[in-house]
Amino acid sequence: MLRLQVDPADDPQAVGDRLLAMARTARAEEICVFLFGMEFNDGHDSLDRIDHWLTATRPWRSRLRAEGIAVSLNPGHTVGHSDWARSPKADQPWQPMTDQHGTAAAVQVCPLDPGWREYYAETLCRYAAEDVDAVWIEDDIRLHNHQPLDWGGCFCALHLAEFTRRTGIETDREQLVAACTAPGEPHPWRERWLDFWDTTQRELLASWGRSSATGSA
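Undergrad: I keep staring at helix H4 (residues 157-167) and nothing clicks. Help me out?
TA: Along an α-helix, residues three or four apart share an orientation, since each turn contains 3.6 residues. Along H4, the positions that sit buried rather than exposed are His159, Leu160, Glu162 and Phe163. All buried residues of H4 project into a common sector of 165° when viewed along the axis, lining one side. Facing away from the buried side of H4 by more than 90 degrees, the exposed set consists of Ala157 and Arg165. With its phi angle positive at about 80°, glycine 168 sits one or two positions after the end of H4.

Undergrad: Hey, could you run me through the packing of helix H1 (residues 12-26) against helix H2 (residues 47-66) in this one?
TA: Helix-helix packing is described using two parameters, namely the angle between the two axes and the distance between the axes. Running from amino to carboxyl end, H1 crosses H2 at an angle of 35°, the nearest separation of the two axes being 9 Å. Note that H1 runs across H2; the crossing there is right-handed. On H2, the residues touching Pro12, Gln13, Val15, Gly16, Asp17, Leu19 and Leu20 of H1 are Ala56, Pro59, Trp60, Arg63 and Leu64. Per-class residue counts for the contact of H1 with H2 are eight nonpolar, two polar and two charged.

Undergrad: I tried to follow the sheet that holds strand E3 (residues 70-75) on my own but got confused; where do I start?
TA: Sheet strands pair by backbone hydrogen bonding; their relative direction is either parallel or antiparallel. Here four strands make up an open sheet; going across it, the order is E1-E2-E3-E6 and the pairing parallel. Both outer strands of the open sheet, strand E1 (2-5) and strand E6 (134-135), are each paired with one neighbouring strand and no more. Bridge count between strand E2 (residues 30-35) and E3: six bridges; the pairing is parallel. Residue glutamate 30 lies in a different strand from E3, and its bridge partner there is alanine 70. Where H1 meets the sheet, it contacts E1 and E2, and its direction lies at approximately 155° from that of E1.

Undergrad: Mind showing me how you'd approach the pairing of E3 here?
TA: On a regular strand, one side chain projects to one face of the sheet and the next to the other, so that they alternate. The buried fraction of E3 is high, at six of six residues. Residues Ala70, Ser72 and Asn74 line one face of E3 and the alternating positions Val71, Leu73 and Pro75 line the opposite face, and both faces are buried. Following the chain from E2 across H2 to the adjacent parallel E3, one finds a crossover that is right-handed. Where E3 lies against E6, two bridges are found, and the strand directions are parallel. What sits directly across from leucine 73, in E6, is valine 135.

Cut-offs used in this document
Residue numbering note: each chain is counted from 1, following its sequence as written. Totals for whole chains, interfaces and linings use every residue, but because this is a predicted model, local features are given only for residues with pLDDT of at least 70 and side-chain atom pairs only at 80 or more, for both listing and counting. Just so you know, side-chain values use all the structure's heavy atoms and leave hydrogens and water out. Exposure categories follow from relative accessible area, calculated using a 1.4 Å probe and restricted to protein chains: below 20% of the type maximum is buried, above 50% is exposed, and the middle band is partly exposed. Comment: elements are numbered from the N terminus, with helices defined as DSSP H or I runs of at least four residues and strands as E runs of at least two. Regarding the arc, it is the one traced by the directions from the helix axis to the C-beta atoms. Interaxial angles span 0 to 180 degrees and are taken between N-to-C directions of axes, which are lines fitted to C-alpha atoms, for helices over the stretch in contact. In this scheme the handedness of a crossing depends on how the near helix is turned from the far one: anticlockwise by less than a right angle means left-handed, clockwise means right-handed. What makes two residues a contact is simply this: any of their non-hydrogen atoms within 4.5 Å. Under the scheme applied here, ten amino acids are nonpolar (Ala, Val, Leu, Ile, Met, Phe, Trp, Tyr, Cys and Pro), four are charged (Asp, Glu, Lys and Arg), and all others, including Gly, are polar. DSSP-based pairing: two strands are paired if at least 2 bridges between them are found. By convention a crossover is right-handed if, when the strands point away from the viewer, the path from the first strand over the helix to the second runs clockwise.

Here is the structure:
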């Protein structure tokens, strides 16, 4: 597999020629195309920008498929790798990811936010509707390693409220963090909180698989 970012402003014929030659030289069976990665990352992309990218790249993606080269899509971010001096767009009033100290990110979002969930499921449906072999989920769906947050998240109000709803345990962020990081014998809340994180992330990924398969967000 070759993994690369392509500029949608490039000429489709030239891109197709270059990628087809590259795949044949490398004897690659698949090209995984990044969308909005690194310098193309301007925060959470509008649906119009996504549609433009898909339209602009469709000719050479279809050509590669016709030539027997598998094509997959890898959106460059889910909740966001890092703020990287970016700001949320006016129509993205989503809950920011929050670390154990209460510090909130700028553009990195809480994976429980219902508005962001609806938005991202819709983007995946659009990607999955294309003639591609797979749509990958970027590794920033993880809860750790989200600068400038100290560790990551999410310890926001949405997570605390959902934790209470599922477990009956009422707590605030300070009490929860103190219990989960206390020395000695692990506090009972620690296992409950880690299981809660794991379960909600698995539920989210499963929901994306279902919505992408049916074409409905």
